[in-house]
Every structure is written in structure tokens, then in C-alpha cells.
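# Summary of structural features
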Amino acid sequence: MNTQYSGALLGRQAVIEFPESIAEVRYTVRGDLHWRVRDKNGNITQGHERLSYLQLSDTLHFLNWIEKTGFTVSQVIDTENGTVNAFWSYADDQSEGGHRASMFVDGKFRFC
């Protein structure tokens, strides 16, 4: 794990509600992420990732990981205000930008 200023996020569990899905996440103290996502149709995906993590302040956290599929996630989590600003990048053969597409997604964050 690439980490600086390990803090209040690692070693905890949370739920993130995105417009189209709900993620149950567990951040280990060693810098791993275990996630389980249920989309609006009830489909479930899950995984285990190695985090790059930077604690920006007492309540702001920056995370990044790349999944086995190549799906890449960057998040800024504000634990005080209960928000997540995420950037997703994924394979898209129709895209002229390196055959990848991306999008910003906002969510609600809460510890379990």
C-alpha cells in the first residue's frame, strides 16, 4: 500500500450510496479494500483490492485502486460531511481516448 498519515478510515467499515448502486466496503489497517456492490437491478459484484491511500486531513481521505478488470477508481471521502467524490475510468472500445471512458460520480458515505 502506498500510504501517508494513516488514520480514521483504515480499519473501519462503511456504506457508500451512489445513484445507481450501493457499496459495502471494509478498509483494512494494512491498506486493503474489500468491497461488495449491489446495483439498482440487484446484481452483486465484489472484490479485494490493494489501496493507494493518502489522508488529506482529519476528515478528508484520497483513495485509488485498479481492479483486475482494469476498472480504475479514485475517491475523495469526506467523513465529516458524509460525501464521496469518485472518478471512474474503464475500458471502452468506442472511445478515442486510449479506448477508455470515464465519469465523475458523487455518493453518500457513512461508517457502519
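You'll find the structure just up there.
Definitions and limits used
Residues numbered from 1 in each chain as written. Predicted model: local features only at pLDDT ≥ 70, side-chain atom pairs only at ≥ 80, totals over all residues. Heavy atoms only, no water. Helix = DSSP H or I, 4+ residues; strand = E, 2+ residues; numbered from the N terminus. Rg over C-alpha atoms; globule rule 2.2 N^0.38 Å. Contact = heavy atoms within 4.5 Å. Pairing = 2+ DSSP bridges. Core = buried A, V, L, I, M, F, W, Y, C linked by side-chain atoms within 4.5 Å. Buried < 20%, exposed > 50% of the residue type's maximum accessible area, 1.4 Å probe, protein only. Polar contact = N/O pair within 3.5 Å; in protein donor to acceptor, adjacent residues only side chain to side chain. Phe/Tyr/Trp six-rings, centres within 6.5 Å; stacked < 30°, edge-to-face > 60°. Lys NZ or Arg CZ within 6 Å of the ring centre and 35° of its normal.

Helix and strand content of the chain: zero helices and 10 strands. Going from the N terminus to the C terminus, the chain shows its helices and strands as β-β-β-β-β-β-β-β-β-β. For 112 residues, the compact-globule formula gives about 13 Å, and the C-alpha radius of gyration of the chain, at 14 Å, lands near that figure. Expressed along its principal axes, the backbone C-alpha trace of the chain runs to roughly 40 × 30 × 25 Å.

Structurally, R36 can be placed in strand β4 (residues 32-39). Through-space distance from the C-alpha of R36 to that of H48 is 9.1 Å; in sequence the pair is 12 residues apart. Ignoring sequence-local partners within four residues, the contact set of R36 consists of I22, A23, E24, I44, T45 and Q46.

Further remarks concern the pairing of strand β10 (residues 100-111). Both strand β2 (residues 12-18) and β10 contribute to a ladder of four bridges, which runs antiparallel. Considered in β10, the bridge of A14 is made with F111. Bridge count for strand β9 (residues 83-91) against β10 is nine bridges, and the pairing is antiparallel. In the sheet register, A91 faces β10, and the bridge partner there is R100.

Ranked by internal contacts, the top residues of the largest apolar core, which has 22 residues, are I16, V25, Y27, L63 and F109. In this structure V25 touches R12, Q13, A14, I16, L33, H34 and W35, once residues within four positions along its chain are discounted.

Here we take up the side chain of E49. Turning to its location among the elements, E49 is positioned in strand β5 (residues 44-50). Engagement of the side chain of E49 in a polar contact is seen with the side chain of W35, the distance being 3.0 Å. For E49, the contacting residues outside a window of four places in its chain are G31, D32, L33, W35, W65, I66, E67 and K68.

What follows concerns the packing of aromatic side chains. To describe a pair of aromatic rings, one takes the distance between the centres and the angle between the planes. Applying the stated criterion to the full structure yields five aromatic pairs. Taking 5.3 Å as the distance between ring centres and 75° as the angle between the ring planes, the aromatic pair formed by F18 and W88 counts as edge-to-face. On the criterion of sequence distance, the pair formed by F18 in strand β2 and W88 in strand β9 is long-range, its members being 70 residues apart. Pair check on accessibility: F18 and W88 agree, each one buried. Judged by centre distance (5.9 Å) and plane angle (50°), the ring pair of F71 and W88 falls under tilted. Placement of the pair is F71 in the loop between β7 (60-66) and β8 (72-78) and W88 in strand β9, with a sequence separation of 17 residues. On the basis of relative accessibility, which here comes to 16%, the residue W88 falls in the buried class. Feature note: the residues F18, F71, W88 and Y90 constitute an aromatic cluster, connected by ring pairs. A cation over a ring is seen here: R12 above F111, with NZ or CZ 3.6 Å from the ring centre.

From the geometry alone we can't say anything about function, so treat these as descriptive.
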